[in-house]
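Residues per chain, in single letters:
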Amino acid sequence: MSSQSPKHIATKLVHAGRRSSEYHGVVNPPVLHASTILFDSLAELEKAGASAPGKVTYGRHGTPTRFLLEEAVAELEGGYGTLCVSSGVSAITNAILAFVKPGDHILITDSTYFPTRNLCNTFLKKFGVETEYYDPAIGGDIAGLIRDNTTLVWCESPGSLTFEMQDIPAIAKAAHARNVKVMLDNTWASPILCRPFELGADVSVQAGTKYIVGHSDVMLGTITTATEEDLLTIKKQVLISGDAVGPDDCYLAQRGLRTLAVRLKQHHESGLKVANWLQARPEVKRVLHPGLPDDPGHAIWKRDFSGACGLFSFVMQPVEKTQLANMVDHMELFGMGFSWGGFESLILPSDPTKIRTATKWDDDGQLVRLHIGLEDPDDLIADLEAGFERLKTA
Ligand SMILES: *Cc1c(COP(=O)(O)O)cnc(C)c1O
């Protein structure tokens with residue numbers, strides 16, 4: 001292998017973490033269910049430490065089904081290693097808990113996914129960790145917020161619901177100058193569209209639930225680190241938490257992974273087509289999509305990302321609740337529900353005003369988040385157009 005040229009990511013997606021020759025030539029890794037693992041001798045039993053890499057010692061510590069998914073994700077992210085856990089929120093919780101102690105101060109982007117905030121505002125507060133939220137557009141000025149007891153900076157780019165881009169290299173430079181870890185929630189882009197470690201992240205977290213799984217039927221989280229030392233730190237924390245993702249879910253994630261590149265190409269293309277159409281509509285005040293040339297995050301997106309997924313928001317002109325309900329209750333193709341990243345399109349009215357603390361979201365228009373799935377975008381546009389028509393009849 002070493003004599004061959006480095007492979008493109010679409011090629012890695014097909015081949016990473018399969019090891020068919022070790023499993024009778026079977027193309028996809030086998031599903032190995034286990035709680036008890038039997039040892040041949042007292043000597044083998046005594047060697048069986050939970051943290052031995054790749055060792056199968058107990059079901060909660062993982063079987064090869066999980067280890068092969070971890071191997072694949074680590075290779076795709078370009079990190080040292082990956083741990084798979086049972087949800088994206090578990091990945092976030094374990095990554096943060098691994099690096100904090102009472103008395104620490106942490107910096108979290110104001111545009112972060114709400115459950116990340118919930119962890120900080122409840123458990124971490126009780127545990128004696130102080131959270132400070134910062135403007136996602138802060139860039140290198142994050143240096144001014146770093147204190148002697150700051151241990152980590154949490155980034156998410158683009159941000160949840162409002163899609164602000166962050167200057168990760170500038171943030172990482174300032175953080176590393178003070179020995180502060182940089183963690184990135186890379187769910188929106190996945191390693192296909194954004195290379196977290198090349199931008200300076202120390203830890204990259206993904207809700208595998210979204211595009212890796214890609215079919216709206218599995219909960220899964222991934223935590224990838226740049227170094228062995230950080231991987232071991234997080235592994236100890238995951239062991240404490242007792243988190244254990246099941247082999248069936250890892251198998252489905254492996255299957256989803258193989259088509260990630262082609263799916264994302266279509267999500268990118270269809271998402272931008274719908275975003276452009278929305279921009280020209282009188283019902284729409286603005287579209288929040290970093291792939292649009294007039295988006296405030298466009299320059300950073302162009303510099304750091306190689307594409308967009310199918311998730312973005314738009315802000316409507318102010319509407320009455322009954323009008324909004326009349327629009328979203330009768331969509332033919334867009335489903336209404338949480339999560340995203342599957343093959344199907346979703347619509348989700350949302351309100352960021354009450355969530356923000358470091359920045360103000362004071363738009364009086366209704367925010368609507370869309371996930372553009374793999375349907376033909378012209379049919380999705382027709383569905384949205386009919387929805388806008390229903391605003392008038394409410
Ligand atoms: C959905 C999501 C998560 C959490 O993933 P779950 O698997 O639902 O726990 C984390 N971060 C982002 C950005 C998400 O959109």
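See the structure above.
Residues numbered from 1 in each chain as written. Predicted model: local features only at pLDDT ≥ 70, side-chain atom pairs only at ≥ 80, totals over all residues. Heavy atoms only, no water.

Trainee: Lay out the packing of helix α4 (residues 88-97) against helix α5 (residues 114-126) in plain terms, naming residues and giving numbers.
Mentor: Contact geometry of α4 with α5 gives a least axis separation of 10 Å together with a crossing angle of 45°. With respect to α5, the element α4 is oriented oblique. Relative to α5, the crossing made by α4 is right-handed. Across the interface between the two elements, Val 89, Ile 92, Thr 93, Ile 96 and Leu 97 of α4 pack against Pro 115, Thr 116, Leu 119, Phe 123 and Leu 124 of α5. Broken down by class, the residue content of the contact of α4 with α5 amounts to 8 nonpolar, 2 polar and no charged. (Axes fitted to C-alpha atoms, helices over the stretch in contact; angles between N-to-C directions. Helix = DSSP H or I, 4+ residues; strand = E, 2+ residues; numbered from the N terminus. Parallel < 35°, antiparallel > 145°, perpendicular 65-115°, else oblique. Left-handed = near helix turned anticlockwise from the far one by under 90°. Contact = heavy atoms within 4.5 Å. Nonpolar A, V, L, I, M, F, W, Y, C, P; charged D, E, K, R; others polar.)

Trainee: For unusual backbone geometry, give the residues involved together with the corresponding values.
Mentor: Residues Ser 157 and Pro 158 are joined by a peptide bond in cis, for which omega reads -5°. Relative to the helices and strands, Pro 158 is located in the loop between β4 (150-156) and α6 (168-177). With phi around 50°, Arg 19 is a residue other than glycine that occupies positive phi space. Relative to the assigned elements, Arg 19 resides in the loop between α1 (9-15) and α2 (42-47).

Trainee: An account of the packing of aromatic side chains is needed here, citing residue identities and associated values.
Mentor: Tallied over the full model, the rule gives 5 aromatic pairs. Plain terms: the ring middles of Tyr 211 and Trp 340 are 5.6 Å apart, the flat faces sit at 70° to each other, and that makes the pair edge-to-face. Of this pair, Tyr 211 sits in the loop between β6 (203-207) and β7 (221-225) while Trp 340 sits in the loop between β10 (335-336) and β11 (346-350), and the two are 129 residues apart along the sequence. Trp 340 matches Tyr 211 in its accessibility class, with the two residues each being buried. For the ring pair Phe 314 and Phe 388, a centre distance of 6.2 Å and an interplane angle of 85° mean the geometry is edge-to-face. In this pair, Phe 314 is assigned in strand β9 (residues 311-316) and Phe 388 in helix α13 (residues 377-393), connecting sequence segments 74 residues apart. (Phe/Tyr/Trp six-rings, centres within 6.5 Å; stacked < 30°, edge-to-face > 60°. Buried < 20%, exposed > 50% of the residue type's maximum accessible area, 1.4 Å probe, protein only.)

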